[in-house]
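Tertiary structure, described
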Amino acid sequence: MKHLLAIVGAATALSGCAGLITGGELIRPGEPTGYIQVVNQTRGAVNVVLISSCDASTYGLNRLPSGTSIAQGSSYRFQVSAGCWDIAGGTIGVGDARGRIQVGPGMIFTFRIY
């Protein structure tokens, strides 16, 4: 029982930090939104897109749905709250592109990966 309480206590303490690890929610309740459109201009598929709020401690987790990639010449659009975002995208084992962008309300920011 003590071990279970210790695990629950640790999980509760860490839950407040989850947004810093995952990169935070893409859409924050009550805020205006815009879009980040990731365009693949590489020779292969892009299979990882990391997006986090600029105040998060990491780029977070892959935001593409499981099993999804962006084919050469294609794009994928993410709806996000207006504000500052760090973004990285690329192909595992090949390379990536990174940037810090500002998305305005109603804006579509195009992030190209070469």
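Residues numbered from 1 in each chain as written. Predicted model: local features only at pLDDT ≥ 70, side-chain atom pairs only at ≥ 80, totals over all residues. Heavy atoms only, no water.

What follows is about the environment of S53. Here S53 lies in strand 2 (residues 48–53). Spatially, the C-alpha atoms of S53 and R100 are 9.4 Å apart, while their sequence positions differ by 47 residues. Apart from residues lying up to four places away in sequence, S53 is in contact with G23, R28, C84, W85 and D86. (Helix = DSSP H or I, 4+ residues; strand = E, 2+ residues; numbered from the N terminus. Contact = heavy atoms within 4.5 Å.)

Here the focus is the sheet that holds strand 2. On the basis of which strands lie adjacent, the open sheet formed by three strands has the order 2-4-5 and antiparallel pairing. Only two strands of the sheet have a single partner each, and these edge strands are strand 2 and strand 5 (95–103). When the angles between neighbouring strand axes are averaged without regard to direction, this sheet yields 15°. (Pairing = 2+ DSSP bridges. Axes fitted to C-alpha atoms, helices over the stretch in contact; angles between N-to-C directions.)

Of all hydrophobic cores here, the largest spans 17 residues; its most connected members are I36, V38, V49, I51, F78, W85 and I87. Of all elements in the fold, only strand 1 (33–40), strand 2, strand 3 (75–81), strand 4 (83–91), strand 5 and strand 6 (108–113) reach the threshold of two or more residues within this core. Here this core takes three residues from strand 5, the largest share from any one element. For F78, the contacting residues outside a window of four places in its chain are L26, G34, Y35, I36, V38, V49, I51, R63 and L64. (Core = buried A, V, L, I, M, F, W, Y, C linked by side-chain atoms within 4.5 Å. Buried < 20%, exposed > 50% of the residue type's maximum accessible area, 1.4 Å probe, protein only.)

So, about the pattern of salt bridges. If you walk through the whole model with that rule in mind, you get three salt bridges. With a shortest N-O distance of 2.7 Å, R100 and D86 are connected by a salt bridge. Taken as a pair, R100 in strand 5 and D86 in strand 4 lie far apart in primary sequence, 14 residues in all. R100 sits in the exposed class, given a relative accessible area of 56%. When the shortest N-O distance is used, the salt bridge between D96 and R98 registers 2.8 Å. (Salt bridge = Lys/Arg side-chain N within 4 Å of Asp/Glu carboxyl O.)

Below, the discussion takes up the state of the cysteines. For the structure shown, the criterion picks out one disulfide. Disulfide pairing places C54 opposite C84 at an S-S distance of 1.9 Å. Disulfide C54-C84: torsion about the S-S bond near -75°, hence left-handed. Of this pair, C54 sits in the loop between strand 2 and strand 3 while C84 sits in strand 4, and the two are 30 residues apart along the sequence. What makes C54 buried here is its relative accessible area of 17%. A residue is classified by how much of its surface remains accessible, and C84, at 27% relative accessible area, is partly exposed. (Disulfide = S-S within 2.5 Å.)

None of this, on its own, says anything about what the molecule does.
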